[in-house]
Protein chains: 4
Amino acid sequence: MAGKLWQGRFREATSKLVESFTASVRFDQRLYRYDIEGSIAHCKMLAQQGLLSREEEDTLIQGLGEILREIERGTFVFDDAQEDVHMAIEQLLIEKVGEVGGKLHTGRSRNDQVALDIRLFLRDEIQGVDEDIKDLQNSLVEQAKANLGVVMPGFTHLQHAQPVLFSHHLMAYYEMLRRDRQRLTASFDRVDVSPLGSAALAGTSLPIDSEVTAELLGFSAVSRNSIDAVSDRDFIIEFTSGAALIMMHLSRMCEELILWSSTEFDYIELSEGFCTGSSIMPQKKNPDVPELIRGKSGRVYGHLMSLLTVMKGLPLAYNRDLQEDKEPLFDTVDTVRQSLRILARLWENVRVNKERMEKMASSGFTLATDVAEYLVNKGMGFRQAHRAVGKMVRYCLEEGKELEQMTIQEFKGFASVISEDIHEILDLKHSVDSRKSVGGTSLQLVREAITRAEEELSS
Amino acid sequence: MAGKLWQGRFREATSKLVESFTASVRFDQRLYRYDIEGSIAHCKMLAQQGLLSREEEDTLIQGLGEILREIERGTFVFDDAQEDVHMAIEQLLIEKVGEVGGKLHTGRSRNDQVALDIRLFLRDEIQGVDEDIKDLQNSLVEQAKANLGVVMPGFTHLQHAQPVLFSHHLMAYYEMLRRDRQRLTASFDRVDVSPLGSAALAGTSLPIDSEVTAELLGFSAVSRNSIDAVSDRDFIIEFTSGAALIMMHLSRMCEELILWSSTEFDYIELSEGFCTGSSIMPQKKNPDVPELIRGKSGRVYGHLMSLLTVMKGLPLAYNRDLQEDKEPLFDTVDTVRQSLRILARLWENVRVNKERMEKMASSGFTLATDVAEYLVNKGMGFRQAHRAVGKMVRYCLEEGKELEQMTIQEFKGFASVISEDIHEILDLKHSVDSRKSVGGTSLQLVREAITRAEEELSS
Amino acid sequence: MAGKLWQGRFREATSKLVESFTASVRFDQRLYRYDIEGSIAHCKMLAQQGLLSREEEDTLIQGLGEILREIERGTFVFDDAQEDVHMAIEQLLIEKVGEVGGKLHTGRSRNDQVALDIRLFLRDEIQGVDEDIKDLQNSLVEQAKANLGVVMPGFTHLQHAQPVLFSHHLMAYYEMLRRDRQRLTASFDRVDVSPLGSAALAGTSLPIDSEVTAELLGFSAVSRNSIDAVSDRDFIIEFTSGAALIMMHLSRMCEELILWSSTEFDYIELSEGFCTGSSIMPQKKNPDVPELIRGKSGRVYGHLMSLLTVMKGLPLAYNRDLQEDKEPLFDTVDTVRQSLRILARLWENVRVNKERMEKMASSGFTLATDVAEYLVNKGMGFRQAHRAVGKMVRYCLEEGKELEQMTIQEFKGFASVISEDIHEILDLKHSVDSRKSVGGTSLQLVREAITRAEEELSS
Amino acid sequence: MAGKLWQGRFREATSKLVESFTASVRFDQRLYRYDIEGSIAHCKMLAQQGLLSREEEDTLIQGLGEILREIERGTFVFDDAQEDVHMAIEQLLIEKVGEVGGKLHTGRSRNDQVALDIRLFLRDEIQGVDEDIKDLQNSLVEQAKANLGVVMPGFTHLQHAQPVLFSHHLMAYYEMLRRDRQRLTASFDRVDVSPLGSAALAGTSLPIDSEVTAELLGFSAVSRNSIDAVSDRDFIIEFTSGAALIMMHLSRMCEELILWSSTEFDYIELSEGFCTGSSIMPQKKNPDVPELIRGKSGRVYGHLMSLLTVMKGLPLAYNRDLQEDKEPLFDTVDTVRQSLRILARLWENVRVNKERMEKMASSGFTLATDVAEYLVNKGMGFRQAHRAVGKMVRYCLEEGKELEQMTIQEFKGFASVISEDIHEILDLKHSVDSRKSVGGTSLQLVREAITRAEEELSS
């Protein structure tokens, strides 16, 4: 069959250049499974409503099943002349089962069909991303457990701030990822809506039943306005926004993996299987995986901006601009899922250099706040205590010593309330364990956080 | 007092250039109310925990109350040397109540304090945006009600597609805005978490009780990890993503307002009070408001990109880069709220040109799909019916006539099943009313949609 | 050969997952021609400098030539284990010519090699884009010539402003595209710099001569700092910025093509070969091509944002994040070039509805400014004249008449200086032709603009 | 005076809400100087063309001069009812000089006027940014000179790669900034074009002379198409793209300043005057300035995206959306200029820790490439040499030694060609000085680069 299925009113054939430029089948063929699944549900509904005979229903569904198998076996080759996955499959069906294939599109338009396919796809992928996040969370929790008790310098401004448990630091990422999961779950509700029945934009005069197809396809709702249903790509943008946040979190994690792997930090070692070498420098072992993921944040940010731009200022309802929704979505899904999965594996293979971390944890006057809080406990106002300790730090800098090295006499020169018990304070483990405020870094709190996380992950 | 409150360890004064460059007080003063509210709750908790005497508590709370009144009366002038709203208020408090003011910051850091302030601010603003969306939804529903029954051409690809009710078109925007409200509500959960107690990044060794402050401030949760709590700006980005979607929806609405106000469309007339003139062309009456709002989508998209960029690749925990979170957030809030409110007013003043809409609704063979569906009802397969009607359209184009002008004989030349009843089909009202699939444009369905919307808005 | 070429210091093999995740050969194979061209120049230089014997040089160059032919014949299959196009070709060369192939990488790193390849690629593509812009400019100039004299309403705020020549409007796009060409030309200087010799980041101790390779490859300069040379992706971002502006211009043009093709405007008709139909609505003929190009602006904006994000905050010198530069660049090049070319063809097939344009040109008081300027010529101050004509317009609106329909008496009521000659003013052609200020819309000026454009395009 | 200057045709007053929403005078008042400068030139031209008498010319120019002085003295207060800076000044002029003030706007529209003002503003600011870049370049060159000879580890992938001169690293930034200057210079040509005479969009019928105003205002060209001239914001976007690249470069520099200031790196020390402390941790001295600038890259990226979004899909000619061009432009200018200037001062106050850098420069087998190149000089193929040295590194890692600590016997085990002279190779200074390929890090080349830079900066 030479022409397009919509060709009736056209005298001229589509320019080859245009055919190739406008075809989406190269990338939307990825939706084939969902397209066929949707068509099968549509056939069942049409039969139930008397728009297909039972025999026609069987023919169409059987034909669609065959097409599915052919595609999965790779024996069917899509080509640009078919425009998109929907037309390709309809046309193939007609070739296979004859004129009756032309009944498939009854009461339906590509406008609601493509919205359906993406929604089916994204429903699956959101669950997939959720699994992948859990996978990474699991790896983090495992590391947090395995290294429970290891103290590292906590940073603000990339300066040593206060000692914290390495596990507490890891659990910060657990929390970020937990929010990512919450956002995905929240966004799922707006994906899980069937647009079928909206047809081109106005609904159809044929006696279809949208509730039936929605139920067959496991949707929890049917779209409430047909014009909106075919114009709406919010759910893609909302998902991509969530994905951009995931990638942002991963970019931060990767920045730290890279920093910590440097000679200067030397906090961790990545396994060789997760690094690559240099074409020129024989000694190099590079943290390519975290670098690449850090870079891939740009990719997903870009897709988000791309999608928002596409939708800006479009009049209702469907416009062809919307075809630009799929490539960014597909690439976002792939990027996020691969990044999560590979980081989960990478973390399993990180060696933690505890001695180095603990050595650095006490460097840079990280216990100064403990001394200030000690003074507060002795009755001094906080701001005054802060000032006194600030002066101690300045004194130590000038004298080239650490706070721990000061004598009681020296301490008293800055605050007379200081007594021998100051030396209990000037201890890493003591410092960490004293941070018992909710969400703090004490061993007990972190242990509880790990337990809670394990429960969340196993539920 | 000349120096900074953190000045103890410093020998040199901050460079004036640096002071001015790094100061945020010019814009974060907007948070003063939340900062003071948070400090008052903090004082109450400190007193309850024995970290302040009741007398000290009273002094501090009274001092904070006075500062609030001074700021609101405009008698307090912020300046760059104070760095930020937090330091400005603490310093003023110390000036006012003396050394005891230095106890305010006990068990607290600016890192958790600023996160608290923004969360308090955003909690309010999310509710404000929600109200503003409802305001606009109300205007749309009013117009939909007032114009119920008016038929317009439904568009796809900006080409006439099928006749729809003007009210159905308006209700499509109602649905978009409904999703916007859902997203806001979903995001609220991630804003409504108190970070107080996280201190700099590690929690504090002082016996504070974060649950108390959280409860006093009406939060439903306390952050679970102190490092995460001071590093996290997800809630700002999630809000801004939601705002970008709102502005995207408004940009589409504004595009249509502009199109419809053109001489060529002439579908609506904006009231003069919502238009402005030209400095050179005496006849001009321009739809400036929708143009400006369409343009302002760029502003919010830009803020989203800005925030995502700021966070990319930052190591934990707090970094000064985070200071760049506030201006985009404030401007996003203002832009979205103003745009919603002014559109609500504008819609109240739109005059709908019903005659023009209805005249255009039948232009461009908009009933062709009705004919195809008629043929399906007569038993023809849809694809065959589509082809037959396509040929009718081509014939009409060549003959310079409309479908309605074809004789039964002519019709039968394309499809022998056509009979006299075809003329019932070729009627705008009939077409619209036949679209009874869920979400369709029939009068009854649209009336129901309006009623449901009114219920939602009044709940 | 099982291992990687850099494998010496590694005990573990690269994880398969990592191999697949980090491989760029799937997309950077597109650079094969430039990679081989660069390697051949490198060999020649190495031989000249005595780092290769003449025999070795011949062997390597012949081997590289064979590889080029194999790739172009499609008999060579790239796979992920080869990492990237550079390693794939080096490894294939070694398989082909033996151990001597290992001399190819003498005094070179992938870091300078990949920068070279992209620069060679982009040098070609910039020239290609320039040709494509000229192609589209040509089509515009042809239409401007063919329709010289046709008057249309000039718009501001999508409201009728003043009559202009349709050709003048088209030539506005010519000017935008002219600036696009200027920008490309300007950016070319920063692409046309050879990074070869920078090696990993520090240069090399081997006696290579970077001037020689630069000359062999036709570069006009050699990079001046080796660390910068391997870290720099400015030239990609600068190109993409220019591309974003091109797409922005095209999005405006496409918006107008879509508007003008609507039933309401009816200013132009796109040929059927450039439109597609609907799967459900038999009458539809949609302007898919301009819609899709308008949408594709989002794609290029997204790539720009992606690239800027990738580079943000990266320490020197090369980081693996930079691998994320190629896919956005390639897709930007393809998108821009295809969009330009297809629009050039589309414009050749646009039918202009002159009658409709001219009819609309006088609608909406488009000659009001002419009347005001007439009053200025009669000695009235401009602001006063503007006010008087504004009142005439209001009067006409109330009376339901056009300015042309006012009597001299009526005119005099608003401005006594008006006399019979006002009727000469109230004429479309007169109006257009009177706009003789530089860049104005008079027939003579537009004719000159067309002539100048033709000269520019033929040079 | 109650009404708007364009009010003639309006019966209703502008809604207060709309007045406030659409007013730009709050931010565009920044252009007052350029607006008045442009108006004075316009008056001179009008007089020369006989459209103003000499007396009127004097009155207007004198009035404009007075307004300029009032604004600069701060005695004039802009308010929203005046809409924008143009209307505010025109209205003030009329109040000041009477009805003749109404002649100012003869042959001009706000559409060409605002384009003029921004172009005048940006012409100045581009030169300002250029000066600021030179200022920072100067600081870098000074540091490069002062520390000439200091060796640091060169990094790729944040892993030690090869030793480089610290000055060479600094000069890499010099080169980036040099390209930034080139881009500014290139973009200047597209700013330096006078749009005056384009009027609303069509030019004017009054006998103005655009060449005269262009010359009076020092423009090198007049815009060639009036429709384009009032629709064009390319020059703003092109400038902002260039600014985004500047900020990207600064974000990289700042990342390094932050890294190098960390306890782990300890390569540099920022002066106290450029750091701030912590509200809770008494010991903190944070690199706030580079952090903030790194964050501000987001701000400028966001503005770029905002501007591109605003322009997407706008039909010609002027639309009110364009008003959204000014705030991002102004903030971009301020952000870039402040960031450049403060970094120039900061670099003057950086203390370089030479001992630490040099100590680290030899850590991590940074001389492995030197050994490989030594082997090449001894006649071994590069890939073979790379493999041999890779094995040496692996051996050293296993034995816990450095390459320098290997005996000749050990070396010969990996490559028999190695002899005693290998120890000359294993020396930092030797390594650096051997990198003599163009752009390499040898002392001589870096010294030459500094000299060339000094020449460029003094020209």
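Every chain's residues receive numbers from 1 upward, in the order its sequence appears when written. Note on labels: chains are lettered from A, ligands numbered from 1, in written order. Selection of residues for local features in this predicted model requires a pLDDT of at least 70, selection of side-chain atom pairs for listing and counting requires 80 or more, and totals for whole chains, interfaces and linings are taken over all residues. The basis for the side-chain values is all heavy atoms of the structure; hydrogens and waters are excluded.

What follows covers the pattern of salt bridges. Should a side-chain nitrogen of Lys or Arg be within 4 Å of a carboxyl oxygen of Asp or Glu, the pair is scored as a salt bridge. On inspection of all chains with the given rule, the structure shows 193 salt bridges over all chains. A salt bridge links A:E324 to C:R299; its shortest N-O distance comes to 2.8 Å. Placement of the pair is A:E324 in the loop between α11 (288-311) and α12 (326-348) and C:R299 in helix α11 (residues 288-311), with the two residues belonging to separate chains. In this structure, A:E324 and C:R299 share a single accessibility class: buried. Working definition: helices are DSSP H or I runs of at least four residues, strands are E runs of at least two. Numbering for both runs from the N terminus. Exposed residues in this analysis have more than 50% of their type's maximum accessible area, buried residues have under 20%, and partly exposed residues fall in between, with area computed by a 1.4 Å probe over protein chains only.

All names here are of chain B. At a minimum axis separation of 8 Å, helix α10 (residues 234-261) and helix α11 (residues 288-311) run at an interaxial angle of 160°. Between α10 and α11, the crossing angle belongs to the class labelled roughly antiparallel. Considering how the two elements wind past one another, α10 and α11 form a crossing that is left-handed. Along the lines of polarity and charge, the residues of the contact of α10 with α11 split into 18 nonpolar, 5 polar and 4 charged. Where helices are involved, their axes are fitted lines through C-alpha atoms of the stretch in contact, as for all axes, and angles between N-to-C directions lie from 0 to 180°. Note on angle classes: values under 35 degrees are labelled roughly parallel, values over 145 roughly antiparallel, values of 65 to 115 roughly perpendicular, and the remainder oblique. Crossings are assigned a handedness: left-handed for a near helix turned anticlockwise from the far helix by less than a right angle, right-handed for a clockwise turn. Under the convention adopted here, Pro, Cys and the residues Ala, Val, Leu, Ile, Met, Phe, Trp and Tyr are nonpolar, Asp, Glu, Lys and Arg are charged, and Gly plus all remaining residues are polar.

Residue and element names in this part refer to chain D. Summarising the element assignment, R181 is placed in helix α7 (residues 166-191). For R181, a relative accessible area of 18% translates into the label buried. Separated by 245 residues in sequence, R181 and L426 have C-alpha atoms that sit 40 Å apart. It only takes one pair of heavy atoms within 4.5 Å for two residues to be counted as in contact. If we skip the residues at most four places from it in the chain, R181 touches D130, I133, K134, Q137 and L457. Within the structure, the side chain of R181 is placed 2.9 Å from the side chain of D130, a separation counted as a polar contact. Under this definition, polar contacts are N or O atom pairs within 3.5 Å; protein pairs additionally need one hydrogen-donor-capable and one acceptor-capable atom, and for neighbouring residues in sequence, both atoms have to be side-chain atoms.

With that settled, the discussion passes to the environment of A:Y318. One can find A:Y318 in the loop between α11 and α12. When the C-alpha atoms of A:Y318 and A:S231 are compared, they prove to be 4.9 Å apart, with 87 residues separating the residues in sequence. Not counting residues up to four positions away in its chain, the partners in contact with A:Y318 are A:N111, A:V230, A:S231, A:R233, A:Q323, B:F155, B:T156 and B:H157.

The next thing to look at is the packing of aromatic side chains. When the centres of two rings from Phe, Tyr and Trp lie within 6.5 Å, Trp using its six-membered ring, the rings pair. Their planes under 30 degrees apart give stacked, over 60 give edge-to-face, and anything left gives tilted. Summed over the entire model, instances satisfying the criterion amount to 34 aromatic pairs over all chains. Each ring, one from A:F155 and one from A:F265, has its centre 6.0 Å from the other, and the planes form 40°; the classification is tilted. In this pair, A:F155 is assigned in strand β1 (residues 151-156) and A:F265 in the loop between α10 (234-261) and β5 (268-269), connecting sequence segments 110 residues apart. Since its relative accessible area comes to 4%, A:F155 is described here as buried. Of the residues examined, A:F265 reaches a relative accessible area of 0% and is grouped as buried. Ring centres 5.1 Å apart and planes at 70° place the aromatic pair B:F121 and B:F330 in the edge-to-face group. In this pair, B:F121 sits in helix α6 (residues 110-146) while B:F330 sits in helix α12 (residues 326-348), placing the two residues 209 residues apart along the sequence. Per residue, the accessibility class of B:F121 equals that of B:F330, and both read buried. An aromatic cluster of three or more residues is present, and its members are A:F155, A:F265, A:Y267, D:F155, D:F265 and D:Y267. The criterion for a charge sitting over a ring is simple: Lys NZ or Arg CZ within 6 Å of the ring centre, and within 35 degrees of the ring normal. The side chain of B:K296 reaches across the aromatic face of D:F21, ending 5.5 Å from its centre. The aromatic ring of C:F330 is capped on one face by C:R30, whose charged end is 4.9 Å from the ring centroid.

In many reports, interface size means the accessible area that the parts give up when they come together. Between chain A and chain B, the residue contacts involve 116 residues of the former and 116 residues of the latter. Put simply, A:E175 and B:R224 hold a salt bridge, and the shortest N to O gap is 3.1 Å. Taken together, the connections running from chain A to chain B amount to 58 residue pairs in polar contact (both at pLDDT 80 or more). Of all the elements, helix α7 (residues 166-191) of chain A adds the most residues to the side of chain A that touches chain B, at 14 residues. Of the residues in the side of chain A that touches chain B, the class split is 45 nonpolar, 39 polar and 32 charged.

Let's shift gears to the side chain of D:R356. Mapped onto the fold, D:R356 is located in helix α13 (residues 354-361). Aside from chain neighbours lying at most four places away, what touches D:R356 is A:E264, D:E264, D:F265, D:D266 and D:Y267.

Right, let's talk about the relation of the copies chain C and chain B for a bit. The copies were overlaid by least squares, fitting only the C-alpha atoms of residues that reach a pLDDT of 70 or more in each copy. You can overlay chain C on chain B at an RMSD of 0.0 Å; the transform is a turn of 180° with a shift of 0.0 Å along its axis. As the rotation angle and translation indicate, the two copies are arranged about a two-fold axis. The rotation axis passes nearest to the C-alpha of C:E264 in chain C, at a distance of 2.7 Å. The residues that chain C uses at the interface reappear at the interface of chain B in 100% of cases, marking a shared surface.

So, on to helix α4 (residues 54-73) of chain D. All names here are of chain D. Residue count minus one, scaled by 1.5 Å, sets the expected span of a helix. With 20 residues, α4 extends 28 Å from end C-alpha to end C-alpha; this agrees with the ideal 28 Å at 1.5 Å per step. If you check which residues of α4 are buried, you get E56, E57, L60, G63, L64, G65, I67, E70 and I71. Looking at the buried residues of α4, the elements they touch are α3 (32-48) and α5 (85-97). Directly beyond the C-terminal end of α4, a positive phi value near 80° is found at G74.

Each partner contributes to the interface: chain C provides 51 residues, whereas chain B provides 51 residues. Buried area, as used here, totals the accessible surface that two parts lose on assembly, with accessibility defined by a 1.4 Å probe and the loss added over both. Regarding the contact of chain C and chain B, the summed buried area is about 3800 Å², with carbon and sulfur atoms giving 56% of it. Of all residues in chain C, C:E264, C:P282 and C:Q283 give up the largest surface area on contact with chain B, accounting jointly for 19% of the area buried on that side. Counting across the interface, chain C meets chain B through 0 salt bridges. For the pair chain C and chain B, the number of links is 27 residue pairs in polar contact (both at pLDDT 80 or more). Among the elements of the structure, β1 (151-156), β2 (159-165), α10 (234-261), α11, α13 (354-361), α14 (368-377) and α15 (382-399) of chain C are those that each provide at least two residues to the side of chain C that touches chain B.

A word on the relation of the copies chain A and chain B. Screw-axis analysis of chain A against chain B gives a translation of 0.0 Å along the axis, an RMSD of 0.0 Å, and a rotation angle of 180°. A share of 100% of the interface residues of chain A reappears at the interface of chain B, consistent with the copies meeting face to face through the same patch.

Bringing the pairing of strand β1 (residues 151-156) of chain D into the picture now. Residue and element names in this part refer to chain D. The buried fraction of β1 is high, at 6 of 6 residues. At least two DSSP bridges between two strands are required for those strands to pair. Judged from the 6 bridges that link them, β1 and strand β2 (residues 159-165) form a sheet pairing that is antiparallel. Residue pairing for β2: T156 is matched across the bridge by Q159. Connecting the antiparallel pair β1 and β2 is a turn made up of 2 residues, with H157 showing a positive phi of about 55°.

Residues and elements named next belong to chain A. As assigned here, chain A comprises domain 1 (7-106), domain 2 (111-149 + 157-196 + 224-359) and domain 3 (360-454). Domain ranges listed in this record stem from an automatic or a database domain assignment. Each of domain 1 and domain 2 has a C-alpha centre, and these two points are 35 Å apart. Taken together, the contact pairs 16 residues of domain 1 with 16 residues of domain 2. Summed over both partners, the interface of domain 1 with domain 2 comes to about 1400 Å²; 56% of that surface belongs to carbon and sulfur atoms. Area buried by domain 1 at its contact with domain 2 is led by F27, R30 and Y34, which between them contribute 46% of it. Where domain 1 meets domain 2, there are 1 salt bridge. Taking the shortest distance from any N to any O, the salt bridge between D334 and R30 comes out at 2.7 Å. Elements supplying a minimum of two residues to the side of domain 1 that touches domain 2: α2 (25-28) and α3 (32-48). Ranked by residues supplied to the side of domain 1 that touches domain 2, first place goes to α3 with 7 residues.

Right, let's get into the state of the cysteines. Cysteine sulfur atoms that come within 2.5 Å of each other are treated as a disulfide pair. All told, the structure shown has 0 disulfides over all chains when counted by the stated rule. In this structure B:C396 is a free cysteine whose sulfur lies 19 Å from that of C:C275, the closest cysteine sulfur available. With no disulfide of its own, D:C254 lies closest to D:C275 among cysteine sulfurs, the gap being 12 Å.

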